[in-house]
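Observations on the three-dimensional arrangement
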Amino acid sequence: MAKINIFKELWDFLRARKKWWLAPMVIVLVLLGALIVLTESTAVAPFIYTLF
């Protein structure tokens, strides 16, 4: 439940402070984190790590 609360607080911050320029950076960081976690233990990992 704490993770959902963090996303809700982040959304409220972005909306209240009009910091829309932060949204693309947050989305990219979340996607990269998910990519690393999902490919951590698969055969695809060596190919993903060559991209970075």
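Residues numbered from 1 in each chain as written. Predicted model: local features only at pLDDT ≥ 70, side-chain atom pairs only at ≥ 80, totals over all residues. Heavy atoms only, no water.

What follows is about the overall build of the chain. Along the chain, the regular secondary structure elements total 3 helices and 0 strands. For the chain, the succession of helices and strands along the chain, N to C, is α-α-α. When the accessible surface of the chain is totalled, it reaches about 4800 Å², and 76% of it is carbon and sulfur. (Helix = DSSP H or I, 4+ residues; strand = E, 2+ residues; numbered from the N terminus. Areas by Shrake-Rupley, 256 points an atom, 1.4 Å probe, with all protein chains shown as cover.)

Attention now goes to the pattern of salt bridges. What the rule picks out here adds up to 2 salt bridges. The salt bridge partner of D12 is R15, with a shortest N-O separation of 3.9 Å. Taken together, the residues D12 and R15, both in helix α1 (residues 2-17) and 3 residues apart, mark about one turn of the helix. In this structure D12 comes out as partly exposed when scored by relative accessible area, which is 28%. Accessibility expressed as a relative area gives 44% for R15, which makes it partly exposed. (Salt bridge = Lys/Arg side-chain N within 4 Å of Asp/Glu carboxyl O. Buried < 20%, exposed > 50% of the residue type's maximum accessible area, 1.4 Å probe, protein only.)

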